[in-house]
Amino acid sequence: MVDVDKAYDSVCHDHLLELCTHMGIADCALFRLMWQATTTGGIHVTGSQGLAPQFSTSRGIKQGCPFAPILFGLLMSGLERYLLDTCSTSTLTIANVARALVNYADDL
């Protein structure tokens, strides 16, 4: 089992958009709504000196966003498809240990 550390934080917007374009769903109205809700808007950080200026990001899915599990599931589905298409087996060797390619419901 591979557990993705900081899974939502590690999602690259460019890769997600490229995958959804390849899947043919990037032009779908629902996907565009999810994309806009996830990638627009700025981020503010509050520190000891108050609210910092707004900045934008090119990575990460907002925690608590209702679309986050769907978008992350699409990304993991694309990764799984890539691994199944490019590997001769559904077993991966990581750190000299053979591991089956398995997704659990709490991962998606």
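In the block above lies the structure referred to throughout.
Analysis parameters
- Residues numbered from 1 in each chain as written.
- Predicted model: local features only at pLDDT ≥ 70, side-chain atom pairs only at ≥ 80, totals over all residues.
- Heavy atoms only, no water.
- 1 Å grid on protein atoms, 1.4 Å probe; cavity = no way out; pocket = protein on both sides within 12 Å on 5 of 7 lines; lining within 4 Å.
- Points joined across faces, edges and corners; volume = space filled by probe spheres on them.
- Helix = DSSP H or I, 4+ residues; strand = E, 2+ residues; numbered from the N terminus.
- Nonpolar A, V, L, I, M, F, W, Y, C, P; charged D, E, K, R; others polar.
- Salt bridge = Lys/Arg side-chain N within 4 Å of Asp/Glu carboxyl O.
- Buried < 20%, exposed > 50% of the residue type's maximum accessible area, 1.4 Å probe, protein only.
- Arc of directions from axis to C-beta.
- Contact = heavy atoms within 4.5 Å.

### So, the layout of surface pockets
Logical step 1: In this model, the largest pocket occupies a volume close to 490 Å³.
Logical step 2: As for the largest pocket, its lining consists of 20 residues, and the residues nearest its centre are His15, Leu19, Leu75, Gly78 and Leu79.
Logical step 3: Elements that contribute at least two residues to the lining of the largest pocket include exactly helix 1 (13-23) and helix 3 (68-86).
Logical step 4: With ten residues, the single largest contributor to the lining of the largest pocket is helix 3.
Logical step 5: Counted by class, the lining of the largest pocket contains eleven nonpolar, six polar and three charged residues.

### Concerning the pattern of salt bridges
Logical step 1: Counting across every chain of the model gives one salt bridge.
Logical step 2: Asp85 is paired through a salt bridge with Arg81; the nearest N and O atoms lie 3.1 Å apart. One end of the pair is Asp85 and the other is Arg81, both in helix 3 and four residues apart, which spans about a single turn.
Logical step 3: Judged by relative accessible area, which is 54%, Asp85 ranks as exposed.

### Digging into helix 2 (residues 29-39)
Logical step 1: If you check which residues of helix 2 are buried, you get Phe31, Met34, Trp35 and Thr38. Within helix 2, the buried residues cover an arc of 100 degrees as seen down the axis, which keeps them to one side.
Logical step 2: Residues of helix 2 that are buried sit in contact with helix 1 and helix 3.
Logical step 3: Downstream of helix 2 by a residue or two, Gly41 has a phi angle that is positive, lying close to 90 degrees.

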